[in-house]
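Per-entry structural report
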Number of protein chains: 2
Amino acid sequence: MSLMKSWVAGANDPSGPFPLNNLPYGVFSPAGGGEARCGVAIGDMILDAAAAEAGGLISVDGGAVCADACWNPLMERGAGAWSAFRTRLQEMLAEGSSDRDAVERHLHPLEDATLHMPFRVAEFTDFYASRNHATNVGTIFRGAENALPPNWLHIPIGYNGRASSVVVSGTDVRRPWGQLKGPDDDAPRFEPCKRFDLELEMGAVVGTPSDGPIDVATADAHIFGYVLLNDWSARDIQAWEYQPLGPFQAKATATTISPWIVTRAALEPFRCDTPEREKPLLDYLREPGPMLYDIDLTVTLAPQGKDATVIARTNYNTMYYSAAQQLTHHTTAGSPMRTGDLLGSGTISGPEKDQRGALLELTWGGKEPITLDSGETRTFLEDGDTLTLLGQARGDGFTIGFGRCAGTLLPALDDPFKR
Amino acid sequence: MSLMKSWVAGANDPSGPFPLNNLPYGVFSPAGGGEARCGVAIGDMILDAAAAEAGGLISVDGGAVCADACWNPLMERGAGAWSAFRTRLQEMLAEGSSDRDAVERHLHPLEDATLHMPFRVAEFTDFYASRNHATNVGTIFRGAENALPPNWLHIPIGYNGRASSVVVSGTDVRRPWGQLKGPDDDAPRFEPCKRFDLELEMGAVVGTPSDGPIDVATADAHIFGYVLLNDWSARDIQAWEYQPLGPFQAKATATTISPWIVTRAALEPFRCDTPEREKPLLDYLREPGPMLYDIDLTVTLAPQGKDATVIARTNYNTMYYSAAQQLTHHTTAGSPMRTGDLLGSGTISGPEKDQRGALLELTWGGKEPITLDSGETRTFLEDGDTLTLLGQARGDGFTIGFGRCAGTLLPALDDPFKR
């Protein structure tokens, strides 16, 4: 596949994030305010999809899908509707389209728009699917001999997170308080978190709901698209709370996602296989085809008022389990999955030291500070730090981007229980 | 407080579950079908609250709260609206009420009604707040020396569950498949669960939403009411999957709740203190008053076609942490709480052997089968078993009930991935 040409300004830039090949879905308010509405990124512009639909330019059988300021109505329609909708968008926005005059007045400059949550998150699940990450974390906490839990090569391990704390890129994140207890302390204290961290992840967005178990091929077809995802993590809260029932408040502060859902259709050219299995997977987890994606990922950290430093570069193709495998496993015991369920991949870490997707690993548990371009060092995050995730799938003469997935860490409140 | 007299049949029975003192909220379809609608249990009848509201008999400032076939609209209005609504219901249904003629035609026999989910569950969190339960389970899995995790006396430990699998009493539950691996097995197998269990719990239903940390007194005021809750659990799936990130598919099959939300107001006379603290709690968890409730709880097991046997009797007042403490802890790291969030107490076990709220404890990990009245024995649940939870708060001449919280276990599917 090569670049699909569009009449929209900036959409034919081979390194731009939003060519006609992409068409990611977001929710925006145009410059000068105005209500939030469904939009599609194209070049330097956003197509007001709600207005285009209301004006009769796009229609999906069975009623409006863009009227709600979130994409859930389209998501729940299923793969047939997604395909028809996307085909029509590409027709309208393609070079030489006869719809250009009618469509052009529904375009708004991306630069001036405010971006909102692109979908209503039904429930949020976080997985643990990078072998490099699981090995590094396991080595830090349990030593190299016990690094990988015995179930790890058999189960796409996951735990349920908190949907209410998922926020869109640009939302500030407040350093949390929590129970902290060092190994030598007599008792825990209630204090601001000292070891606040990021986690570089991809998020799979479930479109089609299911009532019971679904196999891997079906699971793949239920996925509407992908977002970048930063699962902010309080390492010191986690260390004290997580036995025996898993992380809870350590992961409850915020999870930031990119403002654009990149569809599965846009990522199709970038499919790739999961790595060789060290141990054979049980049948229900076997993939009928390539279900990971080749997406370059970058993390930058910018101290307050200073330039950003790239602190990690890796690729989603390093994961051991795909989102389709995770979704299938999620349904094994009978749990219904719903439109808007969000599945975090787990921290994505490559094999090299500068490919690790969390400060916990980059600084080896805080023992090896990293140095930023400004000369400052970091073990964990400091107040005012802005973390930005970027993702790029690089095609032949075109690029698929997700937009920035960014958040700035604000200082802890003086007293969280003051009202 | 004594029995409040009503003109409705059956409401003045001192041992009946639904006197005027109670007025729990449910959703029902009357006999002969008809749409699901909001209802209030009173004696042997259900008041069609949607019809009463539509007919002008009840109104809460700011619009309809009973029109949606779920109680979330009233729940999100907050404690002032709850109180006004309840006061008006009591006025209409009290002995000698001048509204009797107008109200009477909105009553439907409870016996013939179909009961539905009383509210939309936003997110489901399950806690672990019974010291007897935590000690028993810890002893079974880790030995008596390491029974209680070190954080247990400091943190109301919880983990996020799956809201989509919460079902109303009467819904059949299908035995799940999952990854099982015994300690001596080389590799896991994908098979039907062999150790399927119940968990006797109370569920606290969050009414008023919150954006950030809330103290214990405030948390208590955010709770709309309580339901009985059976958190069905697959012990063999849990044993293999739960390290290091907690239970996942072991808890994903179903969580059954009672059809009636008993309001905090109805339970007010039954407030009691949490037990003496072995270690002092951090300030943010200290209760300003009694926040547990004295509610007798019973679990029965009925094999298919046979009579039910009482397998456990205990009381909610045995818990170490209250729902208000759990809700406060849930907000410490900044997670917003929403209308419809459901907080399971954790399995409720008393100190005695026949007071344990799960077969895992009652049969000591399956080693000591219990004998039913029919002569059959059980370690874990068998296909066709019906489990029923009952709850009763016993006042001076009146009783507050929750209705049955029941589910029948269906056999596993032949192949969950057959479509």
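Residues numbered from 1 in each chain as written. Chains lettered and ligands numbered in written order. Predicted model: local features only at pLDDT ≥ 70, side-chain atom pairs only at ≥ 80, totals over all residues. Heavy atoms only, no water.

Some details on a negative patch on the surface
Residue and element names in this part refer to chain A. In plain terms, the rule: Candidates for patches are residues over 30% relative accessible area with no salt bridge; among them, like charges are joined within 9 Å and nonpolar side chains (Val, Leu, Ile, Met, Phe, Trp, Tyr) within 5 Å. Computed with a 1.4 Å probe, the accessible areas rest on the Shrake-Rupley method; for each residue, only the protein chains presented here act as cover. Take a side-chain nitrogen of Lys or Arg and a carboxyl oxygen of Asp or Glu: if they are within 4 Å of each other, that pair is a salt bridge. Just so you know, the count uses Lys and Arg for positive and Asp and Glu for negative, and it drops His and the chain ends. Note on charges: their place is set at NZ of Lys, CZ of Arg, CG of Asp or CD of Glu. Counting from the N terminus, the helices are the DSSP runs of H or I reaching at least four residues and the strands are the DSSP runs of E reaching at least two. When accessible area is computed with a 1.4 Å probe and restricted to protein chains, residues below 20% of their type maximum are described as buried, those above 50% as exposed, and intermediate ones as partly exposed.
On the surface, Asp13, Asp44, Glu111 and Asp112 cluster together into a patch of negative charge. Inspection of the secondary structure puts Glu111 in the loop between strand S4 (107–109) and strand S5 (114–116). In this structure Glu111 comes out as exposed when scored by relative accessible area, which is 76%.

As for the packing of aromatic side chains
As a reminder of what qualifies: Working definition: rings of Phe, Tyr and Trp (its six-membered ring) pair if their centres are within 6.5 Å, and the pair is stacked with planes under 30 degrees apart, edge-to-face with planes over 60 apart, and tilted otherwise.
By the definition in use, this model includes 36 aromatic pairs over all chains. For the ring pair A:Tyr226 and A:Tyr293, a centre distance of 5.2 Å and an interplane angle of 65 degrees mean the geometry is edge-to-face. Taken together, the residues span a long stretch of sequence, with A:Tyr226 in strand S14 (residues 223–231) and A:Tyr293 in strand S19 (residues 292–293) at a distance of 67 residues. Each member of the pair, A:Tyr226 together with A:Tyr293, is buried. Taking the centre distance of 5.7 Å and the plane angle of 35 degrees together, the rings of B:Phe190 and B:Phe417 count as tilted. Remark: B:Phe417 occurs in the segment after strand S27 (405–410) and B:Phe190 occurs in strand S11 (residues 189–192); sequence separation between them is 227 residues. Classification of B:Phe190 by relative accessible area gives buried; the value is 16%. Here the aromatic cluster, defined as three or more aromatic residues joined through ring pairs, consists of A:Tyr25, A:Trp71, A:Trp82, A:Phe85 and A:Phe224.

Overview of the pattern of salt bridges
Oppositely charged side chains can form a pair if their charged atoms are brought close together. All names here are of chain A. Applying the stated rule across the entire model yields 52 salt bridges over all chains. For Asp48, the salt bridge is made with Arg37, and the minimal N-O distance between the two is 2.9 Å. Of this pair, Asp48 sits in strand S3 (residues 45–48) while Arg37 is found in strand S2 (residues 37–42), placing the two residues eleven residues apart along the sequence. Each member of the salt-bridge network shares a partner with another, and the members are Asp197, Glu199, Asp231, Arg235 and Lys251.

Observations regarding the sheet that holds strand S1 (residues 25–29) of chain A
Residues and elements named next belong to chain A. Applied cut-off: For two strands to be treated as a pair, DSSP must find at least two bridges joining them. Every axis in this analysis is a line fitted to C-alpha atoms, fitted for helices over the stretch in contact. Angles between the N-to-C directions lie between 0 and 180 degrees.
Pairing is antiparallel across the open sheet formed by five strands, whose spatial order is S4-S3-S2-S1-S5. Each of the sheet's edge strands pairs with one partner strand only, and the pair in question is S4 and S5. Strand-to-strand twist in this sheet, taken as the mean axis angle between neighbours without regard to direction, amounts to 50 degrees. Of the pairings in the sheet, the one linking S2 to S3 comprises four bridges and is antiparallel in character. Looking at S3, one finds that Gly39 is bridged to Asp48.

Topic: the UniProt feature "binding site: Ca(2+)" (unreviewed entry) in chain A
Residue and element names in this part refer to chain A. Quick reminder of the rule: UniProt positions are given in the numbering used here, feature names are shortened, and annotations may be inferred rather than shown by experiment. Residue contacts are defined here by distance: any two heavy atoms, one from each residue, within 4.5 Å place the two residues in contact.
The feature "binding site: Ca(2+)" (unreviewed entry), as given by UniProt, occupies Asp126, Glu199, Glu201 and Asp231 in the numbering adopted here. On the basis of their most widely separated C-alpha atoms, the annotated residues across 106 residues gather in one place, lying no more than 10.9 Å apart. Turning to its location among the elements, Glu201 is positioned in strand S13 (residues 200–206). Its relative accessible area of 0% is what places Glu201 among the buried residues. Beyond its immediate chain neighbours, meaning those up to four positions away, Glu201 contacts Asp126, Val227, Leu228, Leu229, Asp231, Gly344, Ser345, Gly346, Thr347, Ile348 and Leu389. Secondary-structure assignment places Asp231 in strand S14.

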